[in-house]
Amino acid sequence: MGTGQTVGHPDDADLTRADSLAREIFSGVANKWALLIINALADRTLRFTEVRTAVDGISHKMLTQTLRGLERDGVVHRTVYATVPPRVEYRLTEAGEGLLATVDGMCAWTHRYLAEIEAARSRFDARS
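Residues numbered from 1 in each chain as written. Predicted model: local features only at pLDDT ≥ 70, side-chain atom pairs only at ≥ 80, totals over all residues. Heavy atoms only, no water.

> How do you make sense of the UniProt feature "domain: HTH hxlR-type" (unreviewed entry) in the chain when you look at a structure like this?
According to UniProt, the "domain: HTH hxlR-type" (unreviewed entry) feature falls on residues 18-118. Taken as a whole, residues 18-118 contains 65% helix and 14% strand, while its terminal C-alpha atoms sit 36 Å from one another. (UniProt positions renumbered as here; feature names shortened; annotations may be inferred. Helix = DSSP H or I, 4+ residues; strand = E, 2+ residues; numbered from the N terminus.)

> How do you make sense of a negative patch on the surface when you look at a structure like this?
A cluster of acidic residues, Asp43, Glu94, Glu97 and Asp104, forms a negative patch at the surface. If you trace the backbone, aspartate 43 turns up in the loop between α2 (32-40) and β1 (46-47). You can call aspartate 43 exposed: its relative accessible area is 79%. (Patch = residues over 30% accessible without salt bridge, like charges linked within 9 Å, V, L, I, M, F, W, Y side chains within 5 Å. Areas by Shrake-Rupley, 256 points an atom, 1.4 Å probe, with all protein chains shown as cover. Salt bridge = Lys/Arg side-chain N within 4 Å of Asp/Glu carboxyl O. Lys, Arg positive; Asp, Glu negative; His and termini not counted. Charge placed at Lys NZ, Arg CZ, Asp CG, Glu CD. Buried < 20%, exposed > 50% of the residue type's maximum accessible area, 1.4 Å probe, protein only.)

> What is the right way to look at the packing of aromatic side chains in this model?
By convention here, two paired aromatic rings are described through the distance between centres and the angle between planes. Applying the stated criterion across every chain yields a total of 1 aromatic pair. Between tryptophan 109 and tyrosine 113 the ring centres are 5.9 Å apart and the planes differ by 45°, which places this aromatic pair in the tilted class. A residue pair is termed a helical-turn pair when its members lie 3 or 4 positions apart in one helix, as tryptophan 109 and tyrosine 113 do in helix α5 (residues 94-127) at 4 residues. Judged by relative accessible area, tryptophan 109 falls into the partly exposed class, the value being 47%. (Phe/Tyr/Trp six-rings, centres within 6.5 Å; stacked < 30°, edge-to-face > 60°.)

> Is there a simple way to explain the pattern of salt bridges in this structure?
Any two side chains of opposite charge can pair if their charged atoms end up close together. By the definition in use, this model includes 1 salt bridge. Here glutamate 89 makes a salt bridge to arginine 87, at a shortest N to O gap of 3.5 Å. Under the relative-accessibility criterion, arginine 87 is labelled partly exposed at 28%.

> What am I meant to see in the environment of leucine 63 here?
Mapping leucine 63 onto the fold places it in helix α4 (residues 60-72). According to the relative accessible area criterion, leucine 63 is buried, its value standing at 0%. Setting aside its immediate chain neighbours within four residues, leucine 63 contacts Ile37, Phe48, Val51, Arg52 and Ile58. (Contact = heavy atoms within 4.5 Å.)

> Help me out: how do you make sense of the nonpolar core in this one?
Note on soluble globular proteins: their nonpolar side chains tend to be buried together. Ile37, Leu41, Leu70 and Val76 are the most contacted members of the largest nonpolar core, which totals 23 residues. Contributions of two or more residues to this core are made by α2, α3 (48-54), α4, β3 (87-92) and α5. Counting residues per element, this core draws most heavily on α2, which supplies 5 residues. Apart from residues lying up to four places away in sequence, leucine 70 is in contact with Val29, Ala34, Ile37, Ile38, Val75 and Val76. (Core = buried A, V, L, I, M, F, W, Y, C linked by side-chain atoms within 4.5 Å.)

And the structure:
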């Protein structure tokens, strides 16, 4: 243990690793597709095609990549059933359900400030 460190307190290297991991996770879940998928899976289990239908405009490839990333980060749980053809279902994990509150907050913020956001964009675009 380094000088001045006590048992149970993270050292600078631990904090650096935690910050790095947090940035990596945020970049994976803080994109429009991930947020829409998390919202689509709120309180329900969906098959791949149902997720794709719920997330308008997402390509098959982007949905696959995003679901894999969310699964890797422990936000989404994937269950494969040994049927012909294989049936695959997705649901939020406990961590994903915890993240859902943040996603809901972001959606509420967007609805609350939509007119102001649109006005700010119009003013900005008019200057460009």
